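Overview (structure and organization)
The residues making up each chain are set out below.
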Amino acid sequence: GGDISPSGFIVLYFIMYFGGTCTLLLPPLIFRRIAYARLRPELLEFRESEKLSTKPIAKKLIESINQCEKIHSALAVTIVLILLHNFFWLFIGTFIMYGINTMYDDPPELVSRGFSKLWTSAFLTATSYFNCGFVLTSDSMFQYVDKKGIYVWCTVLILAGNTCAPLCLRIFLNLMHTFANIFHLDKSAIRFALDHPRLMTTHLFNFRQTVILTFFVLLIDLSEFVFFLATELNRPEMQAYGDMSTLVGIGYFQSISTRNAGLQLVDLRQFNQGMFVIYI
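Read on for a plain summary of the structure. (Residues numbered from 1 in each chain as written. Predicted model: local features only at pLDDT ≥ 70, side-chain atom pairs only at ≥ 80, totals over all residues. Heavy atoms only, no water.)

**Some details on the overall build of the protein chain**
Stated formally: Counting from the N terminus, the helices are DSSP H or I runs at least four residues long and the strands are E runs at least two residues long. A radius of gyration in this sense is built from C-alpha atoms; the matching globule rule multiplies 2.2 Å by the number of residues raised to 0.38. For every residue, the accessible area (1.4 Å probe, protein chains only) is compared with the maximum for its type, and the residue is labelled buried under 20%, exposed over 50%, or partly exposed between those bounds. In this analysis, two residues are considered to be in contact whenever any of their non-hydrogen atoms come within 4.5 Å of each other. Only the protein chains shown count as cover for residues, and the accessible areas themselves come from Shrake-Rupley with a 1.4 Å probe. None of His or the chain ends enter the tally, which takes Lys and Arg as positive and Asp and Glu as negative. By convention, the charge on Lys lies at NZ, on Arg at CZ, on Asp at CG and on Glu at CD.
From N to C terminus, the protein chain includes 12 helices and 0 strands. Scaling as 2.2 N^0.38, a compact globule of 280 residues should have a C-alpha radius of gyration of about 19 Å, whereas the protein chain reaches 23 Å, well beyond that. Counting across all 280 residues of the protein chain, residues that qualify as buried make up 44%. For the protein chain, restricting intrachain contacts to residue pairs at least 6 apart in sequence, the fraction spanning at least 24 positions comes to 72%. Of the roughly 14500 Å² of accessible surface on the protein chain, a fraction of 67% belongs to carbon and sulfur atoms. When the 22 basic and 20 acidic side-chain charges of the protein chain are each reduced to a single mean position, those positions are 12 Å apart.

**Here's the deal with the packing of aromatic side chains**
Worth spelling out the cut-off: A pair of Phe, Tyr and Trp rings is counted when the ring centres sit within 6.5 Å of each other, with Trp represented by its six-membered ring. The angle between the planes then sorts it: under 30 degrees is stacked, over 60 is edge-to-face, the rest tilted.
Here the structure, examined in full by the defined rule, presents 13 aromatic pairs. Plain terms: the ring middles of Phe88 and Phe172 are 5.6 Å apart, the flat faces sit at 65 degrees to each other, and that makes the pair edge-to-face. Residue Phe88 is located in helix H3 (residues 56-101), and its partner Phe172 is located in helix H7 (residues 165-178); the two are separated by 84 residues in the primary sequence. Taking relative accessible area as the criterion, Phe172 reaches 13% and is therefore assigned buried.

**A word on the packing of helix H6 (residues 148-161) against helix H11 (residues 244-260)**
Here is the rule we go by: Note on geometry: axes are lines fitted to C-alpha atoms, helical ones only across the stretch in contact, with angles between N-to-C directions running from 0 to 180 degrees. The scheme is simple: roughly parallel for angles under 35 degrees, roughly antiparallel for over 145, roughly perpendicular for 65 to 115, oblique for anything else. In a left-handed crossing the near helix is turned counterclockwise from the far helix by less than a right angle, and in a right-handed crossing that turn is clockwise.
At their nearest, the axes of H6 and H11 sit 10 Å apart, and the two run at 25 degrees to each other. Compared by their axis directions, H6 and H11 come out roughly parallel. In this structure, the crossing between H6 and H11 has a hand that is left-handed. Where H6 approaches H11, its residues Lys148, Tyr151, Val152, Cys154, Thr155, Ile158 and Leu159 are matched on the opposing element by Ser245, Thr246, Gly249, Ile250, Tyr252, Phe253, Ile256, Ser257 and Asn260.

**Observations concerning the pattern of salt bridges**
What counts is decided by this rule: A carboxyl oxygen of Asp or Glu within 4 Å of a side-chain nitrogen of Lys or Arg is what we treat as a salt bridge.
Per the counting criterion, the structure on display carries 8 salt bridges. The shortest N-O distance in the salt bridge between Arg235 and Glu237 comes to 3.5 Å. A network of salt bridges, in which partner residues are shared, links Glu232, Arg235 and Glu237.

**Things to note about unusual backbone geometry**
Of note in this structure, Asn131 is not a glycine but carries a positive phi near 55 degrees. Relative to the helices and strands, Asn131 is located in the loop between helix H5 (117-129) and H6. Assessed through its relative accessible area of 13%, Asn131 is described here as buried. The phi dihedral of His184 falls on the positive side, at around 55 degrees, and the residue is not glycine. Within the fold, His184 resides in the loop between H7 and helix H8 (187-195). Owing to a relative accessible area of 73%, His184 belongs among the exposed residues under this scheme.

Okay, here's the thing in structure tokens:
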């Protein structure tokens, strides 16, 4: 990022936002709501006119319309869910990153280019959450190797915006259901979304599927971390980066970031060749 102007980074920020995985869940949901809304008056009119009908075909059609009504309401809830998810991780996440960032000195490169801590925090939050790999510094995240708080929060954002997004979305949806009465939310629509997540969006799973996904994410990341500890800690090329705790931190970060966000705390070319096989 050393050759990109500040205004260029602003453009990149918005491109990351509008092209982010969790943001791209919104257009299909909105389209489905609009498409059904066009047909809805006629369908409701039919349902009202045939509600006393004893014809089997009429009953089946009314059942289908009732199901569509439930999906229509649940899609609205899902749109709110995704907006809430993005708001939490991007807006609240930025201020959490800012709070952590204030505990460390800024990289000299960013100071010389006039980047504030808030803007640095906002950009780091976005690039981590959207898994884009762009950074304000010219050497990925090499200058953050001794700033554990920052890169640990980056890994949380990386997971929340990628492989653990379904888990986070389901947690938020459960919270919405729990507090539906307090915030005057449609509890029955939320319940429908929880019970029929695959009718909502690609990133919502049922409870069992979410548990399985979380298990395999943890298994893969933990396997990469253990392999790093077993093969890299005693290599002279790696010991040049710092003491044992620094190397453990590097291993933790790269286990989560390498396949997802592409951010680097160190030059990956210094790793032994076996690590590349594990990361792939």
